[in-house]
Amino acid sequence: MRVLKGFTLLVLVVGVAVLGVWRGWLSVPAQWNPWAPLDVNAPPNLLTRYKLMALRNDPQLCDQALATSGLRATRQADSSPQASCPLSNVLRVQGGEVALSSSFLASCPLAVAFALFERHALQPAALATYGQEVVQVDHLGSFACRNMYGRESGARSQHATASALDIAGFRLADGRRVNVLKDWPKDNTHAQFLRQVRDGACDVFNVVLSPDYNAAHRNHFHLDVGPWWICR
């Protein structure tokens with residue numbers, strides 16, 4: 001009975017606290033407020049994935065997060081609902097603090113997750129490993145209207161909603177290139193850097209697949225903001 005009463009009291013206290021934060025009666029740092037806009041400058045925490053998902057169908061909230069991202073992105077018109085792979089609330093990301101090998105289409109959660117990854121995972125790994133920053137990300141694309149692994153039937157890939165990006169490598173400030181296909185199998189600084197980048201990406205993206213996952217990913221990192229959680 002005492003345990004039940006204690007649990008009930010705890011639930012009430014938590015409920016009152018959540019209501020207080022929601023109504024603005026209690027002040028908490030924005031990064032720990034579930035209803036505060038996502039700030040890309042703040043390091044990822046337990047609420048980051050929730051806040052990323054909240055951007056999916058809320059263009060206004062998306063714009064607030066993008067304002068802190070440093071990304072150059074332009075909003076794209078929604079496609080027809082009758083399209084094979086309809087897109088809504090998508091952006092064309094043209095770059096930011098780091099250049100891109102080419103622009104890519106992205107759902108709002110993917111675009112903001114990429115900015116978080118760039119700032120809190122990619123650049124810290126580059127500075128720690130090489131003492132310099134990455135100046136370009138080389139990628140293989142994002143949107144592709146297809147099923148997983150290009151199969152004729154089965155579940156749609158996250159690429160079909162512009163919620164996934166395949167990264168093939170990076171260019172450093174001194175001109176050196178780090179390539180997933182060539183450098184991952186080696187036992188050198190580039191390989192160590194790539195593993196740090198992969199592990200850091202797991203703090204932001206729901207799914208991170210590297211060459212350790214299977215042969216289909218031997219030449220890239222697959223990063224997506226879909227409903228599953230896996231890091232390998």
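Heads up: these notes are all about the structure in this document. (Residues numbered from 1 in each chain as written. Predicted model: local features only at pLDDT ≥ 70, side-chain atom pairs only at ≥ 80, totals over all residues. Heavy atoms only, no water.)

**Describing the side chain of Lys51**
- Mapping Lys51 onto the fold places it in helix H2 (residues 48-54).
- It turns out Lys51 is buried and unbridged, and the closest side chain with the opposite charge, Asp39, is 8.7 Å from it.
- For Lys51, the residues in contact, after removing those within four places along its chain, are Ala30, Gln31, Asn33, Pro34, Ala36, Pro37 and Leu38. (Helix = DSSP H or I, 4+ residues; strand = E, 2+ residues; numbered from the N terminus. Buried < 20%, exposed > 50% of the residue type's maximum accessible area, 1.4 Å probe, protein only. Lys, Arg positive; Asp, Glu negative; His and termini not counted. Salt bridge = Lys/Arg side-chain N within 4 Å of Asp/Glu carboxyl O. Contact = heavy atoms within 4.5 Å.)

**Considerations on the environment of Arg176**
- Here Arg176 shows up in the loop between strand S6 (164-172) and strand S7 (177-179).
- Remark: the alpha-carbon pair of Arg176 and Val134, spanning 42 residues in sequence, is separated by 9.6 Å.
- A distance of 2.9 Å separates polar atoms of two side chains, one belonging to Arg176 and the other to Asp174. (Polar contact = N/O pair within 3.5 Å; in protein donor to acceptor, adjacent residues only side chain to side chain.)

**Here we look at the side chain of Asn206**
- Within the secondary structure layout, Asn206 lies in the loop between helix H6 (189-201) and strand S8 (207-209).
- Its relative accessible area of 9% is what places Asn206 among the buried residues.
- In terms of polar contacts, Asn206 uses its side chain to reach the side chain of Arg49, at 2.9 Å.

**Description of the sheet that holds strand S2 (residues 90-95)**
- Taken together, three strands build an open sheet; the order of strands is S1-S2-S4 and the sheet is antiparallel. The outermost strands of the open sheet, each flanked by one partner alone, are strand S1 (72-75) and strand S4 (104-107). On average, each strand axis in the sheet is inclined to that of its neighbour by 35°, with strand direction left out of account.
- Two strands pair when backbone bridges link them, and S2 and S4 are joined in this way by four bridges, in the antiparallel orientation. Bridged to Arg92 within S4 is Leu105.
- Of the strands in this sheet, S2 and S4 are in contact with helix H4 (residues 108-130), which crosses S4 at around 105°. (Pairing = 2+ DSSP bridges. Axes fitted to C-alpha atoms, helices over the stretch in contact; angles between N-to-C directions.)

**What about H4?**
- Taking 1.5 Å of rise per residue, 23 residues should cover 33 Å, and H4 covers 31 Å from first to last C-alpha, within 8% of that figure.
- Most pronounced at Glu118, the bend in H4 amounts to some 40°.
- The buried fraction of H4 is high, at 18 of 23 residues.
- A positive phi of about 75° marks Gly131, the residue just after H4. (Expected span 1.5 Å × (residues − 1). Bend = angle between axes of the 7 residues up to and from the residue.)

**With respect to the layout of surface pockets**
- By volume, the largest pocket is sized at about 420 Å³.
- Put simply, the parts of the chain that give the lining of the largest pocket at least two residues each are S8 and strand S9 (221-224).
- Along the lines of polarity and charge, the residues of the lining of the largest pocket split into nine nonpolar, seven polar and four charged. (1 Å grid on protein atoms, 1.4 Å probe; cavity = no way out; pocket = protein on both sides within 12 Å on 5 of 7 lines; lining within 4 Å. Points joined across faces, edges and corners; volume = space filled by probe spheres on them. Nonpolar A, V, L, I, M, F, W, Y, C, P; charged D, E, K, R; others polar.)

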